[in-house]
Amino acid sequence: MENTNEKIVECPGCGIKLINRHFTLLGNYNASGECYQKYSDLSCYTIGKQDIDFIHQHSIDAYSTQHSGNGMKPITTAFSLIGLYYAVEKGFNGRQVQRVHTLLSRQKYNWKELQPPDKSVYSLTVFDVLN
Ligand SMILES: [Zn+2]
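All of the points below concern the structure found in this document. Treat the numbers as computed from the prediction; the structure is a model and nothing was measured.

Reading the values: rules and limits
- Residues numbered from 1 in each chain as written.
- Predicted model: local features only at pLDDT ≥ 70, side-chain atom pairs only at ≥ 80, totals over all residues.
- Heavy atoms only, no water.
- Core = buried A, V, L, I, M, F, W, Y, C linked by side-chain atoms within 4.5 Å.
- Buried < 20%, exposed > 50% of the residue type's maximum accessible area, 1.4 Å probe, protein only.
- Helix = DSSP H or I, 4+ residues; strand = E, 2+ residues; numbered from the N terminus.
- Contact = heavy atoms within 4.5 Å.
- Donors = N, O, S within 2.8 Å, 3.2 Å for Na, K, Ca; no water.
- Tetrahedral: all angles 85-135°; square planar, octahedral: opposite > 155°, others 65-115°.
- Phe/Tyr/Trp six-rings, centres within 6.5 Å; stacked < 30°, edge-to-face > 60°.

1. Quick look at the nonpolar core
Then, in step 1: Cys11, Ile16, Tyr29, Cys35, Tyr39, Tyr63 and Val126 are the most contacted members of the largest nonpolar core, which has 13 residues in total.
Then, in step 2: At four residues, the largest contribution of residues to this core is made by helix H1 (residues 33-49).
Then, in step 3: Discounting residues that sit within four places of it in the chain, Tyr39 has contacts with Tyr29, Ser59, Ile60, Tyr63 and Val126.

Here you go:
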């Protein structure tokens, strides 16, 4: 009899539990390969839209924020959080957030490593957005 726990993999970033397909994680995300595959599927959709508002930027920022850690550069986490701030609090579209990132990147700043909150399961994951 197979152990059912081996059939499921839990993402260390967002906590989503998916069927373990033994995908390899590419990139410096604190994610399971299976979760990252869902993000890749979502990216195909958001990039494929070629929309003027560039919703893909929000996808990048949300996923990077939820999956910070595992060698991710501090600037990536900081920029993602800043991007989400401008999107949620200021109503910026993805293109405007991208512009903020460009302006910030011109300044030399030693971004400190930010620690993610204690492990928790998020109420919304890339899987929900993809569906
Ligand atoms: Zn995840």
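2. Looking at the coordination of the zinc ion
Then, in step 1: Surrounding the zinc ion are the protein donor atoms Cys11 (SG), Cys14 (SG), Cys35 (SG) and His67 (NE2), which sit 2.0 to 2.4 Å from the metal.
Then, in step 2: Coordination at the zinc ion is tetrahedral: its four donor atoms span angles of 104 to 114° at the metal.
Then, in step 3: All donors to the zinc ion come from one chain, and their sequence spacing reads C-x2-C-x20-C-x31-H. Note that Cys11 is positioned in the loop between strand E1 (8-10) and strand E2 (17-19) and Cys35 in helix H1, a separation of 24 residues in sequence.

3. Focus on the packing of aromatic side chains
Then, in step 1: The full count for this structure, using the stated rule, is 10 aromatic pairs.
Then, in step 2: A centroid spacing of 5.3 Å and a plane angle of 65° characterise the contact between Tyr29 and Tyr63, whose relative ring orientation is edge-to-face. Of this pair, Tyr29 sits in the loop between E2 and H1 while Tyr63 sits in helix H2 (residues 56-66); the two residues are 34 residues apart in sequence, bridging distant segments of the chain.
Then, in step 3: Judged by its relative accessible area of 2%, Tyr63 is buried.
Then, in step 4: Taking 6.4 Å as the distance between ring centres and 65° as the angle between the ring planes, the aromatic pair formed by Tyr36 and Tyr63 counts as edge-to-face. Placement of Tyr36 in helix H1 and of Tyr63 in helix H2 is noted, with a sequence separation of 27 residues between them.
Then, in step 5: The exposure class of Tyr36 is buried, given its relative accessible area of 18%.
Then, in step 6: Each residue in the set Tyr29, Tyr36, Tyr39 and Tyr63 is aromatic and connected to the rest through ring pairs, giving one cluster.

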